[in-house]
Structure formats: C-alpha cells, structure tokens
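Remarks on the overall topology
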Amino acid sequence: MEISERERAQIEKNIKFSKMLTAARRLARIVKHSEPEVKILKKRKKLEADIVKWLRFFGDDAFNLPFSPAHLNIIEKLYTAMKKGGLFALAMPRGHGKSTITKWAALYALLTGIRKYVVYIAATSELANSFIEFVKQQLIDNDVLHEYYPHITTYFRATEGKAIKAKYQLRADGEPSGIVLHKNLVMFPDVLDSRGEVYPSNSGIIESHGLTGAIRGKWKDTTTGKVLRPDFVILDDPQDRESAESEAQCNMRERIIMGDVLGLAGVKKRITAVMLCTVIRRGDLADRFLDHKLHPEWQGVRYKLIEKFPDEQDGLWEDYRKIYREDVAEGKGIKRATEFYKGHKEA
C-alpha cells in the first residue's frame with residue numbers, strides 16, 4: 001500500500017521524535033561528579049591515614065564521646081585485619097558501641113579501597129539488612145561524606161535510593177556506572193577521575209546476611225569483567241539469646257562459621273574475618289571462639305564491662321546503696337542518693 005507524502009512526513013517526524021526522546025532519556029540517566037578542592041583532597045588523605053580520626057570525623061554524631069582504651073584496641077584490631085588479614089574474635093558487653101564502630105569501619109574499608117568485597121553477617125537476616133540500610137543512608141544523606149567522596153556519593157544520591165535508577169544509571173562516557181542497590185547488597189560505581197584513572201573504591205561491594213542464611217559461594221562480576229570474591233568478613237554478634245541457650249544451635253553456627261564463612265574467599269585463599277561478640281553464657285558460640293584451646297586460629301580478646309571497681313567498697317558506697325535502695329523502694333526516686341554521691345564524689 002502506498003503512502004502519501006503527508007503520511008511519510010508524519011512518519012519521519014514520529015521517528016525523529018522517538019530518537020530525540022530516547023536520547024533525552026539516555027542523557028537523563030548520565031551522572032557526572034566533580035573533584036573536591038585540593039585542600040579537601042589533602043585532608044581526606046590525612047584522615048585516611050588515621051582510622052580513629054577518620055571515624056570521628058565522618059561519624060561525628062555516632063562518636064560524640066571519647067573512645068575508651070577498649071574501643072581504641074578494637075579499632076586497632078579491625079584496622080590490622082583490613083591491612084594484614086587474620087582472624088579476630090573480640091568480646092565486649094552489649095551497649096558499648098561495638099556494632100557502630102564495625103559499621104563505620106566497613107565503610108572506611110570500602111571508601112578507601114583497602115578491601116573490595118565486605119560481607120557483613122549478623123545473627124538474623126533482619127539485623128543484617130538493617131546494616132545495608134545504614135550504608136545506603138550514609139552514602140545518600142551524609143553531607144560530609146559527599147564533600148570528601150563525591151566520586152561515590154554523587155552516584156548514590158542520583159538513585160534517590162531506588163534500585164531501578166541504579167540499574168540504568170550511566171557515567172559520563174555513556175557506559176553503565178556499575179552501581180547496584182539491593183535489599184542486602186550495595187555495589188560502588190566504577191568511574192574515572194579527571195585524569196582518566198580509576199579510583200581505589202571502584203566496584204567495591206558490601207553484602208549482608210543472617211548467619212543461618214544462604215552465605216555459600218559468594219562472587220560478583222564487575223563492569224570490567226573481573227570476578228570478585230569476598231575478602232573481608234565481619235561477624236557482628238552472630239548469636240542471639242535464644243541460639244546462645246541452645247547447644248544444638250551453637251554447634252550449628254560454629255560449623256557454619258568454620259566451614260561456609262571461612263570458605264567465602266575460595267579454596268586457594270584465606271579469608272580475613274573479625275567477630276564482634278558478647279558472651280551470654282559459658283560455652284556459647286562467642287565463648288567458644290574466644291577460647292584459644294578450642295580455636296587457636298582465632299585471636300580472641302575479652303574486654304571487661306568494668307576494668308576496676310573502686311577500692312572503697314564497704315563505707316561510703318554501702319551508705320550510697322542503702323539510700324538508693326530505700327528511696328527507690330518507697331518511690332522517692334534517686335535525688336537523695338545523687339546528692340549523697342555529689343557530696344562525697346572525691347572520696
């Protein structure tokens with residue numbers, strides 16, 4: 001069937017419009033970043049050379065109190081593991097901030113490129129996935145990180161936290177940026193600097209799992225065609241109270257760690273792993289990995305809740321306890337006990 005000149009012109013117009021629309025949509029998917037000022041780059045390099053200063057600077061709200069000697073020792077162990085490898089089991093009482101330190105240390109490892117594929121393992125998948133949400137939030141919303149690491153955060157901000165936008169995102173040359181956003185996985189962009197060189201953080205991966213979930217055989221293809229396997233595992237409180245009370249669950253979790261977790265790097269490589277744990281009962285999962293006789297391959301360290309009680313136990317402290325107990329029992333609160341303490345604080 002022949003078409004008229006008018007119909008032909010309309011078809012050509014529609015084709016042209018379709019091409020323009022496709023080009024516009026492709027252009028909208030392109031994300032570009034700008035390099036920080038020289039003074040920012042210098043300060044970033046200086047901060048990266050000292051993990052304690054890096055944590056306090058970028059995680060300011062989380063670390064608004066001074067680190068204790070135990071905290072500093074844990075940070076040192078984490079850094080040693082990142083740089084040199086090894087297996088570390090570090091026990092600290094609950095509520096002392098070890099999980100917060102661990103989360104920020106994982107970000108440090110990937111942002112600086114010290115580690116390329118971090119696997120974060122918690123007692124349950126829900127706890128593990130909350131860690132990925134923390135990572136996403138920092139990469140999208142943290143203005144200080146954005147100022148110092150725009151070659152990473154610019155691309156995450158452009159996704160608005162949506163996996164579909166990450167999937168179709170393009171970098172300046174029109175190639176896929178490589179960024180990935182999933183419920184339990186984040187992959188960093190594969191981009192170039194102003195000189196056309198790659199960043200140490202390119203294609204970094206962080207993945208989260210519950211200990212009893214599917215954690216065997218982890219590997220990822222990068223945009224460059226390279227296959228990455230996990231090179232750093234963080235076990236963050238890999239037991240809960242229920243599993244700690246069960247001998248069968250402790251046995252199962254011990255087997256998973258020694259088999260599946262330590263085999264994540266592949267048959268020819270030794271994985272680096274740090275276990276942050278809390279002993280709930282004698283003989284539980286944490287207690288086993290802290291026992292040098294049971295697991296000599298793990299460097300186990302226990303940090304006390306209280307390093308040393310005051311020397312004076314039977315005088316003023318006993319008077320304080322008596323006032324505290326009496327007033328609390330009678331519903332009077334702790335005002336009188338607090339005043340007593342303030343009056344004898346130096347002693």
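Overview of the structure. Please read all numbers here as calculations on a predicted model, not as lab measurements. Per chain, residues are indexed from 1 in the order of the written sequence. Predicted model: local features are reported for residues with pLDDT of at least 70 only, side-chain atom pairs are reported and counted for 80 or more only, and whole-chain, interface and lining totals are derived from all residues. Heavy atoms throughout the structure, all of them, feed into the side-chain values; hydrogens and water do not.

**Description of the overall build of the protein chain**
Only DSSP runs of H or I covering at least 4 residues are called helices, and only runs of E covering at least 2 are called strands; the numbering of each starts at the N terminus. Along its length, the protein chain carries 14 helices and ten strands. When the 347 residues of the protein chain are sorted by exposure, 43% land in the buried category. Two residues form a contact once any of their heavy atoms are found within 4.5 Å. Long-range contacts, defined here as pairs at least 24 residues apart, represent 67% of the contacts in the protein chain between residues at least 6 apart. About 19,900 Å² of surface is accessible on the protein chain, with carbon and sulfur atoms providing 53% of the total. For every residue, the accessible area (1.4 Å probe, protein chains only) is compared with the maximum for its type, and the residue is labelled buried under 20%, exposed over 50%, or partly exposed between those bounds. Residue exposure ignores everything except the shown protein chains as possible cover, and the areas themselves are Shrake-Rupley values with a 1.4 Å probe.

**Some thoughts on the environment of Ile234**
Summarising the element assignment, Ile234 is placed in strand E8 (residues 232-236). The class of Ile234 is buried, set by a relative accessible area of 1%. Separated by 41 residues in sequence, Ile234 and Met275 have C-alpha atoms that sit 6.0 Å apart. Once residues within four sequence positions are removed from consideration, Ile234 is found in contact with Thr102, Ala106, Val118, Val119, Tyr120, Ile121 and Val274.

**Focus: the sheet that holds strand E9 (residues 273-277)**
Judged by pairing direction, the sheet is mixed, and its eight strands sit side by side in the order E3-E4-E5-E2-E8-E9-E1-E10 without closing on themselves. Strands with a single pairing partner mark the edges of an open sheet, and in this sheet they are strand E3 (180-181) and strand E10 (299-302). Strand direction decides the pairing type here: strand E1 (residues 87-91) and E10, joined by four bridges, are parallel. Residue Phe88 lies in a different strand from E10, and its bridge partner there is Gln299. Lines are fitted to the C-alpha atoms to define the axes, a helix being fitted only along its stretch in contact, and any angle between axes, read from their N-to-C directions, falls within 0 to 180 degrees. Its contacts with the sheet place helix H4 (residues 69-84) against E1, E8, E9 and E10, and it is angled at close to 165° to E1. Between any two strands, at least two bridges found by DSSP are needed for them to pair.

**Some details on the pairing of strand E5 (residues 205-210)**
The element E5 is extensively covered by neighbouring structure, given that six of its six residues are classed as buried. Along E5, one buried face is formed by Ile205, Glu207 and His209 and the opposite face, lined by Ile206, Ser208 and Gly210, is buried too. As defined by bridge partners, strand E2 (residues 117-122) adjoins E5 across six bridges and the pair is classed as parallel. Each residue of the ladder has a partner; that of Ala122, found in E5, is Gly210. Examined bridge by bridge, strand E4 (residues 185-187) and E5 share three bridges and lie antiparallel to one another. What sits directly across from Met187, in E5, is Ile205.

**Description of a nonpolar patch on the surface**
Within the patch definition used here, like charges are joined within 9 Å and nonpolar side chains (Val, Leu, Ile, Met, Phe, Trp, Tyr) within 5 Å, considering only residues with over 30% relative accessible area and no salt bridge. For this document, the term salt bridge refers to a Lys or Arg side-chain nitrogen within 4 Å of an Asp or Glu carboxyl oxygen. A contiguous nonpolar surface patch, about 250 Å² in accessible area, is contributed by Tyr324, Val328 and Ile334. For Val328, a relative accessible area of 41% translates into the label partly exposed.

**Remarks on the environment of Lys269**
Examined against the element boundaries, Lys269 turns out to sit in the loop between helix H11 (247-261) and E9. On the basis of relative accessibility, which here comes to 60%, the residue Lys269 falls in the exposed class. It is 8.9 Å that separates the C-alpha atoms of Lys269 and Asp231, two residues lying 38 residues apart in sequence.

**With respect to the nonpolar core**
Here the nonpolar core consists of buried residues drawn from Ala, Val, Leu, Ile, Met, Phe, Trp, Tyr and Cys, with membership extended through side-chain atoms lying within 4.5 Å. If you look at the biggest cluster of nonpolar residues, it comprises 56 residues, and the most contacted ones within it are Trp54, Trp104, Leu111, Leu139, Phe156 and Ile206. Per element, the largest residue contribution to this core is nine residues, and it comes from helix H5 (residues 98-111). Every residue in contact with Ile206, bar those within four places of it in the chain, is listed here: Ala106, Leu110, Val118, Phe131, Ile132, Val135, Asn184, Leu185 and Val186. Core analysis: the next-biggest nonpolar cluster, separate from the first, contains 29 residues, Leu87, Leu185, Met187 and Leu285 among them.

Take it as geometry only, folks, not as evidence of what the structure does.
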